[in-house]
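As a plain string of letters, each chain reads:
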Amino acid sequence: MTNYIQELILLCLAAFAAGFIDAIVGGGGLLQTPATLLILPHYPVASIFGTVKIPSLAGTTVAAYKYSKQVKFKYNVLIACVIAAFCAALLGAYSVSMINNAVIKPVILVVLILVAVYTYFNKQFGIHQHKAHSVQKQVLLAGFFGLIIGFYDGLIGPGTGSFLILVFIAFLGFDFVGASAHAKIVNMSTNLAALIYFSSTGHVLYQYAIPMALFNILGSFFGAKLALLKGNKFIRIFFLIVVFGTILRFAYDVLLK
């Protein structure tokens, strides 16, 4: 019992921090997943992946609700992205055992470095909406990138929220606040898809997942509130910090493991 309480306290602290980060710019999984793997080394990796999906889904849902109070959603774009991402995430979760992540991670590392450099030097990135796509083109782009990122979330996971924000800004012309809001809804769908798969195969540790979910919700509440209060420039800085952290994480996986 003592070990369980110690593990639970550490996991709940990690879940709170992950929820806070994820509500602002995504990428909370970069903290929550490795922390859970470290704290619960005696459980199968699939069980860890399944367990962290519950707090991730709970926190993302709260953040999405907070954003919905102040952001006007583009529902045609959102629905296309959600449906594509949900289906692709199911396929990605199913494919975990069949695709070697070591092949994918170096590609992701290069992409992340390019994203960080572009965001840093382009001071207007995510500050103003600047794309003039037709509604049809936005829907097609949303569906296309929903497939790619949804599959990535089911297969690997960490950094999904940040990738979604990048897509909504760079390809669909959203500002950071709007991109964060839409990304939360899409991320809800990918988390739900992966959770459906993992729970159906018995890979969810509910004794950890439920308390973690409560703390992730709390972190998400404060993170979303701060993001809406501070606006685009604050989110841009936070985005750069999280992308840099993601680069370090993938660099470690690629170069040192």
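Residues numbered from 1 in each chain as written. Predicted model: local features only at pLDDT ≥ 70, side-chain atom pairs only at ≥ 80, totals over all residues. Heavy atoms only, no water.

## Here we look at the overall build of the protein chain
- Scanning the protein chain for helices and strands turns up 10 helices and zero strands.
- The order of α-helices and β-strands along the protein chain, N terminus first, is α-α-α-α-α-α-α-α-α-α.
- Taken over 257 residues, the protein chain has a buried fraction of 54%.
- Counting contacts in the protein chain only where the partners sit at least 6 residues apart, residues at least 24 apart contribute 85% of the total.
- Accessible area for the protein chain stands at about 11,800 Å²; split by element, carbon and sulfur atoms hold 72% of it. (Helix = DSSP H or I, 4+ residues; strand = E, 2+ residues; numbered from the N terminus. Buried < 20%, exposed > 50% of the residue type's maximum accessible area, 1.4 Å probe, protein only. Contact = heavy atoms within 4.5 Å. Areas by Shrake-Rupley, 256 points an atom, 1.4 Å probe, with all protein chains shown as cover.)

## Things to note about the environment of Gly26
- Its place among the elements puts Gly26 in the loop between α1 (2-25) and α2 (29-39).
- Distance from Gly26 to Phe239, taken between C-alpha atoms, is 8.1 Å for residues 213 residues apart in sequence.
- Those residues in contact with Gly26 that sit more than four places away from it in its chain are Ile21, Gly161, Ser162, Ile165, Lys184 and Val242.

## Structural notes on the nonpolar core
- Counting residues in each nonpolar core, the largest one holds 48 residues, and the members touching the most others are Val25, Tyr67, Ile165 and Phe168.
- The element contributing the most residues to this core is helix α10 (residues 232-256), with eight residues.
- Setting aside anything within four residues of it in sequence, one finds Val25 in contact with Gly161, Ser162, Ile165, Ile235, Phe238, Phe239 and Val242.
- Leu11, Cys12, Val52 and Met212 belong to the second-largest nonpolar core, a separate cluster that totals 11 residues. (Core = buried A, V, L, I, M, F, W, Y, C linked by side-chain atoms within 4.5 Å.)

## A few points about the pattern of salt bridges
- Taken as a whole, this structure holds one salt bridge when the rule is applied.
- We note a salt bridge from Lys53 to Asp153, for which the minimum N-O separation is 3.5 Å. On the criterion of sequence distance, the pair formed by Lys53 in helix α3 (residues 45-68) and Asp153 in helix α6 (residues 135-155) is long-range, its members being 100 residues apart. The residues Lys53 and Asp153 share a single accessibility class, namely buried. (Salt bridge = Lys/Arg side-chain N within 4 Å of Asp/Glu carboxyl O.)

## Digging into empty space enclosed by the protein
- Overall, the coordinates contain one cavity of 30 Å³ or more when judged by the stated rule.
- Quantified by volume, the largest cavity comes out at close to 280 Å³.
- Around the largest cavity, the lining is made up of 26 residues, and of these Gly29, Lys53, Ser56, Asp153 and Gly157 lie nearest the centre.
- Of all the secondary structure elements, the ones that give two or more residues to the lining of the largest cavity are α1, α2, α3, α6, α7 (160-170) and α8 (176-200).
- No other element matches α3, which puts five residues into the lining of the largest cavity.
- Partitioning the lining of the largest cavity into residue classes produces seven nonpolar, 16 polar and three charged. (1 Å grid on protein atoms, 1.4 Å probe; cavity = no way out; pocket = protein on both sides within 12 Å on 5 of 7 lines; lining within 4 Å. Points joined across faces, edges and corners; volume = space filled by probe spheres on them. Nonpolar A, V, L, I, M, F, W, Y, C, P; charged D, E, K, R; others polar.)

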